[in-house]
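As a plain string of letters, each chain reads:
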Amino acid sequence: MKEETDEDMLIRYILGETTDTERDAMELWLKEDKANMHKLEQAKFILEQSQQLAQQSPADENEQWEKFKVKRDALNNKGKVRSITTLTPWLQMAAAILIFAGGASVAYYFYNQHAGLNGQLQSFTSKDKAVVDTLSDGSIVHLNRYSSVSCVTDFKKTREVKLTGEAFFEVKHNASVPFIVHTDGVNIRDIGTAFNVKSHTKNVEVVVESGIVRVSKDKAAVQLNPQQKVVVNNADKQLHVEASTDLLYNYYRSNEFIANKTPLWRVIETINEAYDSHIVIADKRLSNLPLTGTFKKESVDKFLQVLLLTTPDLRMEQVGDNIILKSK
């Protein structure tokens, strides 16, 4: 997509207002670079916040945006914050709504995901490598690539975080203040446990490693126990609990791909995600071929070498950037 149309197209894509041709172009653009997916998640967050606050704000958007820029520039001159990225008119409107509802520092924080002003807000962001950080209550967050978590610094009254992308949470027990993760319209609530949350373009996946969590979207809700998961699609009216039969979700923490009679398609899907590779299973009969074993997270070439050595039914061809897996 052209740079000047990125955000307009993103918003219409999120709202389901694109044509079939535009939708196909957007989905191709999203697959080209993980950073593009990250940009989509940020736009979703902006849209959600502005929609929630729009009904409360009678302010003139242009006027509020100008006031925000004055405050921002004053802070920049004092060397307290970095310059905000230029926003399109739609994002200016969203910023104005946030400014009116919560103050300029709140709007600046949500758009840049830097540490909050006055020590009230904080964010943890990863780029091309997974990172680990600790929240103020002692809970540990493992962020996969191109992901971010934002929250208030003081968890005494509430422990709620906003996630874009994927993260594994090791939650510090506090029965009186539940820990809640918000992502893409889905809410994940627990008291003290360990679980993984991945937000895609079209769904949110929650896997529980230990403890119990409650996952809800609109009026639907389910409870997850250890080794269970739920995949929430945008159109779902009911949520369905499934067994979590592998530890592939854990690869960015453990640096290992652990399969346990796991279908080949699932392993390849995870490898492509981890390395931005383009491995394709050409023979659909191979898709459900069960794999069991542990593959070190070294490189995609090393993985393929081990895969071919341990799976004699497979052969590999490379066509451009695509790696094709076929039957012998």
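Before reading further, recall that the structure is shown in the block above.
An account of the accompanying structure is given in this report. Within each chain, residue numbers correspond to sequence positions counted from 1 in written order. Totals for whole chains, interfaces and linings use every residue, but because this is a predicted model, local features are given only for residues with pLDDT of at least 70 and side-chain atom pairs only at 80 or more, for both listing and counting. Derived side-chain values reflect all non-hydrogen atoms in the structure, with water molecules and hydrogen atoms excluded from consideration.

1. Structural notes on helix α9 (residues 300–310)
For α9, the complete set of buried residues consists of V300, F303, L304 and L307. For α9, the buried positions fall inside an angular range of 95 degrees around the axis, keeping them on one side. Exposed side of α9, more than 90 degrees from the buried face: D301 and L309 are the residues found there. Working rule for contacts: check all heavy atoms of both residues, and any pair within 4.5 Å makes them a contact. Secondary structure elements are taken from DSSP: a helix is a run of H or I of four residues or more, a strand is a run of E of two residues or more, and numbering for both begins at the N terminus. Each element contacted by the buried residues of α9 is listed here: α8 (264–275), β16 (279–281), β17 (290–296), β18 (314–319) and β19 (322–327). The buried label applies to any residue whose accessible area, calculated with a 1.4 Å probe on protein chains only, is under 20% of its type's maximum; exposed applies above 50%, and partly exposed to all values in between. The arc refers to the directions leading from the helix axis to the C-beta atoms.

2. Details of the sheet that holds strand β13 (residues 228–233)
Two strands qualify as a pair provided that DSSP identifies no fewer than 2 bridges between them. Pairing in this open sheet of seven strands is antiparallel, and the strands run β2-β3-β6-β9-β10-β13-β14 from one edge to the other. For this open sheet the edge positions go to β2 (131–134) and β14 (241–243), each flanked by a neighbour on one side alone. The average angle at which neighbouring strand axes cross in this sheet is 20 degrees, direction not considered. Where strand β6 (residues 166–170) meets strand β9 (residues 194–199), five bridges bridge the pair, whose relative direction is antiparallel. The residue bridging E170 from the neighbouring strand is A194, located in β9. Convention adopted: a line fitted to C-alpha atoms gives each axis, helices being fitted over their contacting stretch, and angles between N-to-C directions are expressed from 0 to 180 degrees.

3. Describing the environment of L30
Secondary-structure assignment places L30 in helix α2 (residues 20–32). Under the relative-accessibility criterion, L30 is labelled buried at 7%. A C-alpha to C-alpha distance of 8.2 Å links L30 and L40, two positions 10 residues apart in sequence.

4. Concerning the packing of α8 against α9
Axis separation between α8 and α9 bottoms out at 11 Å; the angle between their running directions is 160 degrees. Overall, the two elements α8 and α9 adopt an arrangement that is roughly antiparallel. Here α8 runs over α9; the crossing is right-handed. In this structure, α8 contributes L264, V267, I268, I271 and Y275 to the contact, and α9 contributes V300, F303 and L307. The residue inventory of the contact of α8 with α9, partitioned by class, reads eight nonpolar, no polar and no charged. Under this scheme an angle from 65 to 115 degrees is roughly perpendicular, one under 35 degrees roughly parallel, and one over 145 degrees roughly antiparallel; angles in between are oblique. Throughout, a crossing is termed right-handed when the near helix is turned clockwise from the far one, and left-handed when it is turned anticlockwise from it by less than a right angle. When residues are grouped by polarity, Ala, Val, Leu, Ile, Met, Phe, Trp, Tyr, Cys and Pro land in nonpolar, Asp, Glu, Lys and Arg in charged, and all others, Gly among them, in polar.

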